[in-house]
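Architecture at a glance
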Amino acid sequence: MPTRRQFLRNSAFLAGGLLFLPDEIRAAPAEQSLMILHTNDFHSRLESFPDNHPKYPGQGGIARLKTLIDKARKQHDHCLLLDCGDVFQGTPYFNRFGGVPEYKWMNMAGYEATTLGNHDFDMGTEHLSDLIRNHAAFVFVNCNYGLENTPLNGRILPRHIIKKGRLKIGITGVGVNPDGLIPADLCKGVIYHDPIKSVQEQVDLLRKKEKCDVVIVLSHLGFEYPGNQVSDRVLAAETHGIDVILGGHTHTFLEAPVSVISKNKKPVVVSQAGWAGLQLGHIKLTFK
Ligand SMILES: [Zn+2]
């Protein structure tokens, strides 16, 4: 089954992406392609790293990211720009302006959806809720945080559907266990639910009820761990019905996305694009 999908490198962009050509037909009536662009763990890196930075001299920054995004939009009729959380924390922009410039950047770039990372709670749920209400023109998806008793109630969707041409794209999001990662006073009232069970519920709804052609999970669980902590790889293997998992949290740089076999023996594409806007992940799906 996995060999039915052919993977090709695409050298036109920064590392981290590939062309993904499933030859199986889902619900789309004729050929259409979708270019998924993705980032994660932006960590308030609006500017590029300094030229004398030991690891990433002169790299990153929103000017470069925007150039790549614009280029992709010129080359592809249908692009989807997504993020996987931890937009905040890491430069004085966040400490001084509380996340407003980061969301303004995401609005300007045309992000369509993101999920909640642990650092997105760094100024508390009330601050985050106000920011989303006043400054975010994009959607937040998460299905495993119970937010009913927090100021975020109603601001975060368990699932979201975006249409591109004839394609119906279902998106859900999943977050890491806040225990030990987010100070208790900053995520007061947030109830953590099992990620695998929560995601499966949403994927089933997107597949069976909403009849989505593509199902994407925006994850902040992390790519993989040595123990049995739930990660994107574990999520892919222990669920069914997901096409693509875009991840964050572990700041993982990949040569190209990996393929993980799901519970019902179908390949799931799992990707992550480093951090700090150093890469723009790109996955092209073609439906014939
Ligand atoms: Zn994180």
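Quick note: structure is the one above.
Since the structure is predicted, the reported quantities are computational estimates derived from the model, not experimental observations.

Turning our attention to the pattern of salt bridges. Summed over the entire model, instances satisfying the criterion amount to seven salt bridges. Its salt-bridge partner being Lys-164, residue Glu-112 comes within 2.9 Å of it at the nearest N-O pair. Of the two residues, Glu-112 sits in the loop between α3 (100-109) and β5 (113-114) while Lys-164 sits in strand β8 (residues 159-164), which places them 52 residues apart along the sequence. Under the relative-accessibility criterion, Lys-164 is labelled buried at 14%.

In this structure, Asp-86 (OD), Asn-118 (OD1), His-220 (NE2) and His-249 (ND1) serve as the protein donors to the zinc ion, at separations of 2.1 to 2.2 Å. Seen from the zinc ion, its four donor atoms lie at angles of 89 to 165 degrees, and the figure they make is irregular. The sequence pattern describing where the donors of the zinc ion fall on their chain is D-x31-N-x101-H-x28-H. Within this pair, whereas Asp-86 is found in the loop between β4 (79-83) and α2 (92-97), its partner His-249 is found in the loop between β12 (244-246) and β13 (258-261), the two being separated by 163 residues in sequence. Here Asp-86 falls in the buried class, since its relative accessible area comes to 2%.

Time to look at the nonpolar core. Of all hydrophobic cores here, the largest spans 37 residues; its most connected members are Leu-37, Tyr-103, Trp-105, Phe-121, Ile-132 and Phe-140. No other element matches the five residues that α3 contributes to this core. Apart from residues no more than four positions distant in its own chain, Tyr-103 is found in contact with Val-87, Phe-88, Leu-128, Leu-131, Ile-132, His-135, Ala-136, Phe-138 and Phe-140.

Take the pairing of strand β3 (residues 32-39) next. Taking burial as the measure, the eight residues of β3 include seven buried ones, the bulk of the element. The pairing of β3 with strand β15 (residues 281-287) spans seven bridges and is antiparallel. Counterpart to Ile-36 in the pairing with β15 is Ile-283. Sheet topology places β3 next to β4; five bridges connect them, and they run parallel. Across the sheet, Ile-36 pairs through a bridge with Leu-80, a residue of β4. Crossover handedness for the path β3 to helix α1 (residues 62-75) to β4: right-handed.

A separate point is the packing of α3 against helix α4 (residues 124-135). Between α3 and α4, whose axes approach to 10 Å, the crossing angle comes to 35 degrees. Seen from above, α3 lies across α4 with right-handed handedness. In this structure, α3 contributes Val-100, Tyr-103 and Asn-107 to the contact, and α4 contributes Leu-128, Leu-131, Ile-132 and His-135.

About the criteria used
All residue numbers refer to position in the chain's written sequence, counted from 1. Selection of residues for local features in this predicted model requires a pLDDT of at least 70, selection of side-chain atom pairs for listing and counting requires 80 or more, and totals for whole chains, interfaces and linings are taken over all residues. Note: side-chain values were computed over all heavy atoms of the structure, leaving out hydrogens and water. Salt bridges are defined as contacts in which a side-chain nitrogen from Lys or Arg sits within 4 Å of a carboxyl oxygen from Asp or Glu. For the purposes of this entry, the term helix denotes a DSSP run of H or I that reaches at least four residues, the term strand denotes a run of E that reaches at least two, and both are numbered from the N terminus. Exposed residues in this analysis have more than 50% of their type's maximum accessible area, buried residues have under 20%, and partly exposed residues fall in between, with area computed by a 1.4 Å probe over protein chains only. A 2.8 Å cut-off from the metal defines N, O and S donors, relaxed to 3.2 Å for Na, K and Ca; water is not in the atom list, so some sites may appear incomplete. Square planar and octahedral assignments, for four and six donors respectively, both demand that opposite donors be over 155 degrees apart and that all other angles lie between 65 and 115; tetrahedral needs four donors with all angles between 85 and 135 degrees, and anything else is irregular. We call a set of buried Ala, Val, Leu, Ile, Met, Phe, Trp, Tyr and Cys residues a nonpolar core when their side-chain atoms join them within 4.5 Å. Whether two residues are in contact is decided by their heavy atoms, any of which lying within 4.5 Å being enough. Paired strands, in this sense, are two strands between which DSSP finds at least two bridges. When the strands point away from the viewer and the path from the first strand over the helix to the second turns clockwise, the crossover is right-handed. Structural elements are reduced to axes, namely lines fitted to C-alpha atoms, with helices fitted over the stretch in contact, and the angle between N-to-C directions of any two is expressed from 0 to 180 degrees. By convention, the crossing between two helices is left-handed when the near helix turns anticlockwise from the far helix through less than a right angle, and right-handed when the turn is clockwise.

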